[in-house]
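Listed below, chain by chain, are the residues.
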Amino acid sequence: MAPPLNLDNIQGDILSGLPKKGEIFFFFQINKDFVKDFCTGIGELAHHVTSVTQCENDRQKIIKEKERAALHDTTPKLLELSGINIAFSHKGLKTLGIRDPIHDEVFEKGMVADADGEDREIPQPPQNRPPLYLNDDLSVWEPEFRDVEIHGVILITGSSHPKLKDTLAKVKRIFKVGQKDATITEVTQVEGHVRPGDVHGHEHFGFADGIAQPAVDGVPALVHRGTDTIHQGVILLGRPGDEKENDRPSWALDGSFLAFRKLKQKVPEFQKFLDDKARDTGLSSDLLGAKLVGRWKNGAPVENFPLQPVKPEEIAIFKAAAKDSSQNDNFRYDQIVKQKNCPYAAHTRKTNPRDDIAFNTSAHQEHRIIRRGIQYGPEVTDEESATSTSSPDSKLERGLLFVCYQSDISKGFSFIQKLWANNVGFPFDKKDAPPPQAGFDAIIGAALSNKPEPSRYMSGFDASDQAKRLSLTDDWVIAKGGEYFFSPSISALQDTFAQAA
């Protein structure tokens, strides 16, 4: 029987999220001539790893500072905060000599093998056959992710750019990076920052992000995390709700699998599509965007607000609901009207179908994930905005550094992408009359890249004709790389990883 949950022992990003204005993902290889010294470094790093408890304490400091500033009608002070977490790929575990089976085949084969159907004689599966791959195009992956063996990633967060750099320098000193006896070699690093001003908390397409996180049973949360509470074992290995609880090695207790994705977003191109199709469909570009995403830009669910409010009292309710975390996730999909309000293929419905499967039962819970991540790249320039009205062109790269946690990747991220987002037949209607094919997740759904002309589509955008299809003429979210990792508990870092060699 597992001991009681100890939030001091769990890496903070998993259950709380590292507070941040910016974040660096430092991907590394372990230098095989200095494995023992690397393990010694892990023992030292473990004392600096940020726990769930520390994350929550930092959040309390931020809240108190905002309350103080509001009381005195001043601008809140920027608190000097930083965080460190670490995770290992399967190849990283093997390099350390940690060979106990962890029982996750997707983790063991890695994301490159899971990603691409290229060169395989596999057509896009029909409705009754689920996709087998993430359907990434590996030719556009950055070579550091595609061609280089990555052993681990260190997550570094900070309240400012200087704080990020100082914390990264401390990590590099621990592992002697840049010295002759360096214990790790940098493969690549990517850096993200929250967006400024009024678009803080919004991704680059302009939609509020991070809504509808599940709460974890027995874990206190400062922020409302959604309408469903999941078992601890859906996220943490070895806890109740982890189907493989009894098969996990003891050192895996309270760890979690981390899926990382670098996702490029073609923002001017997406806006041009909405503007053009708004004219064709008779919808406003804002309403069409809301139907593709499943939420309005402010976060209000399109299921509850199927039309943009126009009366002052309606607008007030709309804005209040978007800001209230107890309202913007407090809804179910109306099975009587089906997709009259929200298309089956809307991003938020595909990735969390709620009533389209048995809501908040084990069938629903096992596919829940906790999402983290941060935006990267600059804001859209005036030049790029101008091109969106004629010939859109993302001259600068921007997007999302996506992170999610789960106890089973094959039921978490990989399942959601393959069997929901990429599966044109999902959700499946349980009534006698089958629904029209939903099509691809309008935002992240991917067709096989080896087809001559990969064609994406969705239905449900037209409330009066739910079978009518809309051709999704481009891929606006493009995977540029990624990997699967395991985030151990802090005690595992000290007792197993630091002693591995």
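Residue numbers run consecutively from 1 along every chain, following the written order of its sequence. Under the rules for a predicted model, residues below a pLDDT of 70 receive no local features and side-chain atom pairs below 80 are neither given nor counted, while totals for whole chains, interfaces and linings still include all residues. To get the side-chain values, take all heavy atoms of the structure and skip hydrogens and water.

- Looking at an unreviewed UniProt entry, one finds the chain named Dyp-type peroxidase, with Cadophora malorum as its source organism.
- UniProt positions are given in the numbering used here, feature names are shortened, and annotations may be inferred rather than shown by experiment. Heading Cofactor (unreviewed entry) of the UniProt record for the chain holds this comment: "heme b".
- Turning to the chain, the UniProt annotation filed under Sequence similarities (unreviewed entry) states: "Belongs to the DyP-type peroxidase family."

**Side note on the overall build of the chain**
Point 1. What the chain contains, in helices and strands, is 15 helices and 12 strands.
Point 2. Radius of gyration here uses only the C-alpha atoms, and the compact-globule reference equals 2.2 Å multiplied by the residue count raised to the power 0.38. Against the 2.2 N^0.38 benchmark of 23 Å for 501 residues, the chain shows a C-alpha radius of gyration of 23 Å, consistent with a compact globule.
Point 3. Along the first, second and third principal axes, the C-alpha set of the chain runs to 65 × 65 × 50 Å.
Point 4. For the chain, buried positions account for 55% of its 501 residues. Note on conventions: DSSP H or I runs of at least 4 residues are helices, E runs of at least 2 residues are strands, and numbering of each starts at the N terminus. When a residue's accessible area, from a 1.4 Å probe over protein chains only, is under 20% of the maximum for its type it is buried; when over 50% it is exposed; and in between it is partly exposed.

**Description of helix α3 (residues 52-72)**
Point 1. Any helix carries an expected span of 1.5 Å times its number of residues minus one. With 21 residues, α3 should reach 30 Å at 1.5 Å per residue; the first-to-last C-alpha distance of 31 Å fits that figure.
Point 2. What makes two residues a contact is simply this: any of their non-hydrogen atoms within 4.5 Å. Taken together, the buried residues of α3 touch α1 (12-15) and β2 (82-88).
Point 3. Between a side-chain oxygen at the N-terminus of α3 and the backbone nitrogen of Thr-53 the separation is 3.4 Å; the capping residue is Ser-51.
Point 4. The first or second residue beyond α3 is Asp-73, which carries a positive phi of 55°. In the analysis that follows, any N or O atom pair within 3.5 Å is treated as a polar contact, provided that within protein one partner can donate a hydrogen and the other can accept it, and provided that, for residues neighboring in sequence, both atoms belong to side chains.

**Observations concerning the side chain of Gln-11**
Point 1. Relative to the helices and strands, Gln-11 is located in the segment before α1.
Point 2. From its side chain, Gln-11 meets the backbone oxygen of Pro-488 in a polar contact 2.8 Å long.
Point 3. In this structure, Gln-11 is in contact with Val-49, Thr-50, Ser-51, Val-52, Asn-85, Ile-86, Ser-487, Pro-488, Ile-490 and Leu-493, ignoring residues within four places of it in sequence.

**With respect to the packing of helix α8 (residues 267-281) against helix α9 (residues 285-293)**
Point 1. Convention adopted: a line fitted to C-alpha atoms gives each axis, helices being fitted over their contacting stretch, and angles between N-to-C directions are expressed from 0 to 180 degrees. Closest axis-to-axis distance for the α8/α9 pair is 8 Å, and the angle between their directions is 115°. As for the relative orientation of α8 and α9, their crossing is right-handed in sense. Of the residues in α9, those touching α8 at Phe-270, Gln-271, Phe-273, Leu-274, Asp-275, Lys-277 and Ala-278 are Ser-285, Leu-288, Gly-289 and Leu-292.
Point 2. Its residues placed into classes, the contact of α8 with α9 shows six nonpolar, three polar and two charged. By definition, any crossing whose near helix is turned counterclockwise from its far helix by less than a right angle is left-handed, and any crossing with a clockwise turn is right-handed. Side-chain classes follow a simple rule in which Ala, Val, Leu, Ile, Met, Phe, Trp, Tyr, Cys and Pro form the nonpolar group, Asp, Glu, Lys and Arg form the charged group, and the remainder, Gly included, forms the polar group.

**Quick word on the packing of aromatic side chains**
Point 1. Side-chain rings of Phe, Tyr and Trp, where Trp is taken by its six-membered ring, are said to pair if the distance between their centres is within 6.5 Å; with planes under 30 degrees apart they count as stacked, over 60 as edge-to-face, and otherwise as tilted. Counted under the stated rule, the structure contains 25 aromatic pairs.
Point 2. Pairing Phe-28 with Phe-38 gives two aromatic rings, centres 6.0 Å apart and planes at 40°, and the pair type is tilted. On the criterion of sequence distance, the pair formed by Phe-28 in strand β1 (residues 22-30) and Phe-38 in helix α2 (residues 35-45) is long-range, its members being 10 residues apart.
Point 3. For Phe-28, a relative accessible area of 0% puts it in the buried group.
Point 4. With a centroid separation of 6.0 Å and an interplanar angle of 25°, the aromatic rings of Phe-145 and Phe-260 are classed as stacked. Taken together, the residues span a long stretch of sequence, with Phe-145 in helix α6 (residues 143-146) and Phe-260 in strand β7 (residues 256-265) at a distance of 115 residues.
Point 5. One aromatic cluster is present, built from ring pairs that chain together Phe-28, Phe-38, Phe-88, Phe-107, Phe-175, Trp-251, Phe-257, Phe-486 and Phe-497.

**Details of the environment of Asp-474**
Point 1. With respect to the element layout, Asp-474 can be found in the loop between β11 (469-472) and β12 (477-487).
Point 2. When the C-alpha atoms of Asp-474 and Tyr-457 are compared, they prove to be 10.0 Å apart, with 17 residues separating the residues in sequence.

**Re the environment of Asp-100**
Point 1. Within the secondary structure, Asp-100 sits in the loop between α4 (90-95) and α5 (105-115).
Point 2. Through-space distance from the C-alpha of Asp-100 to that of Asp-276 is 54 Å; in sequence the pair is 176 residues apart.
Point 3. One polar contact links Asp-100 to Trp-251, side chain to side chain, over a distance of 2.8 Å.

**Let's talk about the pattern of salt bridges**
Point 1. In the sections that follow, a salt bridge refers to a side-chain nitrogen of Lys or Arg positioned within 4 Å of a carboxyl oxygen of Asp or Glu. One pass over the structure, following the stated rule, counts 30 salt bridges.
Point 2. One salt bridge in this structure joins Lys-468 and Asp-462, with 3.9 Å as the shortest N-O distance.
Point 3. Given the relative accessible area of 39%, Lys-468 is considered partly exposed.

**Some details on the confidence of the model for the chain**
Point 1. The predictor attaches a confidence to each residue, called pLDDT, with possible values from 0 through 100. Mean pLDDT over the chain: 91, with 93% of residues reaching 70 or higher.
Point 2. Low confidence marks residues 122-127, where pLDDT is under 50. Its contacts with residues over four positions away, or in another chain, come to 19 contacts.

**Section: the pairing of β7**
Point 1. The buried fraction of β7 amounts to nine of the 10 residues, a majority that puts the element mostly inside the structure.
Point 2. What makes two strands pair is DSSP finding at least two bridges between them. In this sheet, strand β9 (residues 399-406) lies alongside β7 in antiparallel orientation, the contact comprising eight bridges. Bridged to Lys-262 within β9 is Leu-401.

**Remarks on unusual backbone geometry**
Point 1. For the bond running from Phe-426 to Pro-427, omega is 0°, close enough to zero to count as cis.
Point 2. With respect to the helices and strands, Pro-427 occurs in the loop between α14 (413-421) and β10 (456-459).
Point 3. Look at Arg-354: it is not a glycine, yet its phi comes out positive at around 50°.
Point 4. Along the chain, Arg-354 turns up in the loop between α11 (347-351) and α12 (362-365).

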